[in-house]
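Geometric and topological summary
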Amino acid sequence: MKRIFAGALLSLLCASAVFAQEKIIAVSGRLVESGSKEPVVQATVQLLSLPDSAYAAGIASNNQGYFTLPRVKAGKYVLKISYIGYQTKLMALQLSASEREKQVGIISVDPDAVLLKEAVVTAEAPQVTMREDTVEFNSTAFRTHEGAMLEELVKKLPGAEIDSEGNVTINGKEIKKIMVEGKEFFGGDVKTGLKNLPANMIEKLKTYDKKSDLARITGIDDGEEETVLDLKVKKGMNQGWFGNADVAVGTERRYSSNLMLNRFVDHSQFSLIASANNVNDQGFSGGGGGPRFRNNNGLTAKKTIGVNFATETEKLDMGGSARYNYSDRDAVSRSYSERFLQQRNAYSNSNGSNRNKSNDFNAEFRIEWKPDTLTNLIFHPEFSYGDTNNGSLSQSGSFNGDPFNYVPDPNAYLDLDHLAGIVDPLKDIRVNASNQRSLSEGKNLSANATLQFNRRLSSNGRNITFRARGGYGDTENESYLASLTHYYQLKSMVDVGQDSLLFRRQYIHTPTQNHNYSLQLTYSEPIARGTFLQFSYQFQYRNNWSDRRTYDLNRFNTWIPGDPLPIGIESNYVDSLSKKATYRYYNHETMAGLRFVRSNTQLNVGLSLQPQNSRLDYKMGAVDTVVKRSVVNFSPNVELRIRFSNTSQLRFTYRGRASQPSMENLIPNPDNSNPLNIRMGNPGLKPSFTHQIRGFYNTYQPEQQRGFMSHINFSVLQNSISSVTRYNYENGGLITRPENVNGNWNAFAMVGFNTALKDKRFTINSFSRGNYNHTVSYLYSELTKDNDRNRSTQLTLAENLSGSFRNDWFEFSLNGSLEYTSERNRLRPTNNQQPYTYGYGCSTNITLPWNMSLSTNIMNNVRRGYRDASMNRNEVVWNAQIAQSFLKGNAATVTFELYDILRQQTNISRSLSADLRSVSEYNGITSYGMIRFTYQLNLFGSKEARSKMQERNPWSRGGFRPGGERRSGNPHRF
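Criteria and cut-off values
Residues numbered from 1 in each chain as written. Predicted model: local features only at pLDDT ≥ 70, side-chain atom pairs only at ≥ 80, totals over all residues. Heavy atoms only, no water. Helix = DSSP H or I, 4+ residues; strand = E, 2+ residues; numbered from the N terminus. Buried < 20%, exposed > 50% of the residue type's maximum accessible area, 1.4 Å probe, protein only. Core = buried A, V, L, I, M, F, W, Y, C linked by side-chain atoms within 4.5 Å. Contact = heavy atoms within 4.5 Å. Salt bridge = Lys/Arg side-chain N within 4 Å of Asp/Glu carboxyl O. Patch = residues over 30% accessible without salt bridge, like charges linked within 9 Å, V, L, I, M, F, W, Y side chains within 5 Å. Areas by Shrake-Rupley, 256 points an atom, 1.4 Å probe, with all protein chains shown as cover. Polar contact = N/O pair within 3.5 Å; in protein donor to acceptor, adjacent residues only side chain to side chain.

On to unusual backbone geometry. The phi angle at glutamate 181 is positive, at roughly 55°, despite the residue not being glycine. Residue position: glutamate 181 is located in the loop between β13 (177-180) and β14 (183-184). Residue class for glutamate 181 comes out partly exposed when judged on its relative accessible area of 24%. Of note in the backbone geometry, glutamate 252 takes a positive phi value of approximately 60° without being a glycine. Take glutamate 252: its relative accessible area is 42%, and that puts it in the partly exposed class.

Take a look at the structure:
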C-alpha cells in the first residue's frame, strides 16, 4: 500500500511539473467607447488562433470594461471584440513564450452608426436586466417626481425595501455601500447617498456582490463580500458641472433645503453636498408595492455638508471624502407593555422625553497604485471625531394588574411629585414607580488605516500579498443622573430604607480607549491549469480599556450640571457601582484553500483555524478578578459558481463561523448599576457556531425583457446565547443571565419575476418571499422557579405584485401585496395567532403641457388577525404634488407638495411575542404641505447632458405634440 501511495504521489508531482513547463500566456485589457470613454460592459472578447481562426479562448468584459482571457499557448492569434451596437474590432496578436502576460491596454470601440439608426424603437427601455450576479435597473423605467432624490427611486425598484432607519434591502440582501461609476460615494455611506443624490442624474442602478480588495486582487475569498448599489450617471454628464439646489418651507414649521454639485470629467469625479431639514428626511413616497406602516418617531433636524472626490489614471486610482453632520432629535414617547409570566402577568407604563444633539466629522482617503502590471499597493486611512449632548426625562411604573382597568390613562399617574398631592387610584396594584432625569456629554475620536501590498510572481496566478491594519479609539463620557424610585410591595427594607424610597444622585465619568492591529500574509500557488492552492496567515491583537467611575452627589445639593465638580467629590466614590475592565485579545488565523477556475465554473474550498487567547482584568465593587480563555475556532467555506451564459448563472456558498461570548458574560457576579435590571454572567457559556448556506440563480431574456431570479438562505445556530430572565414580584425588577440553547434555525427563500408584455409599454413585476424561524428561548419566571424552555415558530409568506403602463407623457401603476404570518408557541398556545397584512394602491405621473407635471399616489394598508384588537387597523396614506418648470431649459421648478392628505398615518408601533406585548406612541408630524423651489445646476454641462436632465418633459424632446405625430423613443440596445 505504501508503494502504491508513493507511486501515485510521484506521478502526480511529475504531471504537475510537466504541466508547469507549458508556456501559458494571459491576455488582458480594457474596452471603452471611442467617444465618451465609458466602459463597454459585457462585450464578447474572443481569441482566435491562426491560420484557421479556431476558437482558443473567450470571455465577456466586466462592469468596468476590463477583461482577462483564459491562458493560452504561445503563437499567432486574432483578438476579436464584438457587441451589438458597436463595430466589430479585430487585432493581430503575437504571443511569445517569453511573455507570461500580454497587456493590450485600453481598446476603443466605435459605435455602429448604421446599426444604431436601425435600432430606433418605440418600446420603452426594460425595467430590469441581469448579467451574471449583477441585477441592473433602468432608471427611466421608474419615474419620480421633480426634484426627487435617490431614495424615492430606490423605493420603486422591484424587490427593494427601505426601513425606518434608512437601511436598504434589495432582493433579500442588505445594501452595504453606494457607489457612483464604480467609486465609493462618501465612503459608500448608504444614507448619505439616498438623501443627497438627485434621481434625475442616474441612468442605471446595478446591485452586485463586491469582493474585498484582498479577494479582488488575489482571488482568495476572505468572506468580506459586500452587496453594493452602483450608480451609472447619464451619458453626457461627465463633461462639466451639474447638480440641483432646492429650498422649501411648509406648514407645521417644516423646512428643507438641499444642494448637490457635481463635476464628472472623464475619469475624475467631484461632488459637494449640503442639506438642512426638519422633516425627518421624509421623502415623497411614490408608489411602491406593499403595505407600509411607517414609524416617524420624534422630530429630527439635520444639517450636513461634505465633499467627495475620485480620480483614476492608468496607474493610479484615488479618492476620498470629508463630511460634517449635525443632528438635533426631540422625541416624546408614551408606552405600555404586558409581560406573560407563570404566576400572573406584569404590566408597565412609561413616559419619556429626550433631546439628543450630536456633531460629527468624518474623513477617509483611498489610493491604489499600480506601478507596473505585477505590483499593486492600496492605502486606506480613515478618521472621525464627534461629540454628543443628551438630556432625558423619564417616568415609569410597574403594576401587578392591568392599570387600564382602573383609569383610562395610567400614564397620567407616573409623576411622583404629582402623586404626592392626590389620592392614587392605582395604589393597590403598584409594584414600583421611578422618575429619572439625566444629562450627558460625550466625545469620541477614532483613526484607522489599512495598507495592502500585492506582487504577482508569475503570469499563471502565483502571487503574494501583505496586509496591515491598525486602529485607535478614544471616548470620554460624562453624565449626571438623578432618580427617585418608590417600592410599594417590598418586604425587606434593608437596602432601600424604611420608607421604601431609593434616591440616587450621581455623577458618572467613563473614559474608554482601544487600539488594535493585524498583520496578514497570503500566498497563491498554481498547481495545474486553472487550479490554485492558497494559504494565508494573520495575527490580530486588540486592547480595550474602560473605567466607569461613579460618585454620589447626595450631599452636594447645590451643584448644578455644567459647573466645575464640587471639591471633595473623590471621597464619595461608589465602588459598588464603578467598574474597571481591560480586555486583551490575541488571535492567530491560518487558512488553506483550493481554487478551481474554468471557463464557466469556479469552485473555492477552504478551511481556517483560529487559536485565540483572551484576558480580562475586571474590578467592580468587591469583585477583583482575572478571566482567561484559550480556544481554537475553525471556519470552513465552500463557494461554487456556474455560468450558463452572460445573463444566467447559479451560485452556491457555505460558510461556518464560530463566535465567542463576551468576557464579561463569563463573570458570575451581578452588575446592579440599574437596580431594576440586574445583569449576571455565566462562566459555563460555550462558544456559538453558525452554519449558513446560500443559493442564488438568475436568468434574463433580452428579447422579451423578461427576468427571473431566486435566492435561498438557510442558517443554523449551535449553542446560541439566549437570556434567562427572572421577575421579582416585590420590586418589579429583572435579573438576567445568559444561557446557551440549541434548536435555533432560519430558512428564507425569494423569487423575483419581471416581464414586459407584447406591447412593451406594459410591464408586470412579481416578488414572492417566504421565511420560517424556529426559535428556542426561555420564558420569564419568578425568582424561586426555574425558567421553562419555550419553542416558537413563525412562518411568513408574502407576495408583492405590480403592473404599470408608461409612455412619453403618462405613467400609471397598480400595486398590491399580501403578507401572511403563522405564529405558534409551545408553552403559550393562547398567544398563537395568524395575522395578515395586505395593501393596495396606485400611483401616477403625468407630464402636462406648459411644462407642468402632476404626481400622486395613494395606498391603503390593512392589518387583520392580531389578538390585540388595537393592532387590527387600516391606514390610507395619500400624497400628491404638482410642479411647474420655467426659465431657459426648464432649469427652475416650483413644486407644491402635500403629505398624508387624509391624516391617517400614525406614530404608534406595536409588537407581540411569546413573552411580551408592547405599544409605543411618539410625537411627530406626518401631515403637512410644502412649497419648494428647485434649480437645476446643469447649465455648465454639455448640451447632451442638459437634454438628459430635461427628458421627463416630452414636449422638449419630441414626444407627443399637441396636434402632431408621435416620434419614436430614444434608441437603446438590447
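Now that the structure has been shown, we can carry on.
Here we come to the nonpolar core. A general tendency of soluble globular proteins is for nonpolar side chains to be buried together. If you look at the biggest cluster of nonpolar residues, it comprises 39 residues, and the most contacted ones within it are Leu150, Val154, Leu197, Leu205 and Leu231. Those residues within four positions of leucine 150 in sequence are excluded, and the remaining contacts are Ile178, Gly193, Leu194, Leu197, Ala199, Ile202, Leu205 and Leu231. In terms of nonpolar packing, the next biggest core, distinct from the first, is built from 20 residues, Leu31, Leu47, Tyr86 and Leu95 among them.

Looking at the secondary structure, you find serine 813 in strand β41 (residues 810-825). Taking the C-alpha atoms as reference points, serine 813 and threonine 763, separated by 50 residues in sequence, lie 9.5 Å from one another.

With that settled, consider the pattern of salt bridges. Applying the stated rule across the entire model yields 27 salt bridges. For aspartate 246, the salt bridge is made with arginine 932, and the minimal N-O distance between the two is 2.9 Å. A residue pair is termed long-range when its members are at least 10 positions apart, and aspartate 246 in strand β17 (residues 239-250) and arginine 932 in strand β48 (residues 928-936) qualify at 686 residues. For arginine 932, a relative accessible area of 11% puts it in the buried group.

Taken together, Val247, Val249, Leu854, Ile882, Phe886, Leu887, Val894, Phe896, Ile931 and Phe933 make up a surface patch of nonpolar side chains, about 800 Å² in accessible area. Elements represented by at least two residues in the nonpolar patch include exactly β17, β44 (874-886), β45 (892-899) and β48. Within the secondary structure layout, isoleucine 882 lies in strand β44.

Along the polypeptide, asparagine 587 turns up in strand β28 (residues 579-597). Taking the C-alpha atoms as reference points, asparagine 587 and asparagine 613, separated by 26 residues in sequence, lie 6.5 Å from one another. A distance of 2.9 Å separates the side chain of asparagine 587 from the side chain of glutamine 540, its partner in a polar contact.

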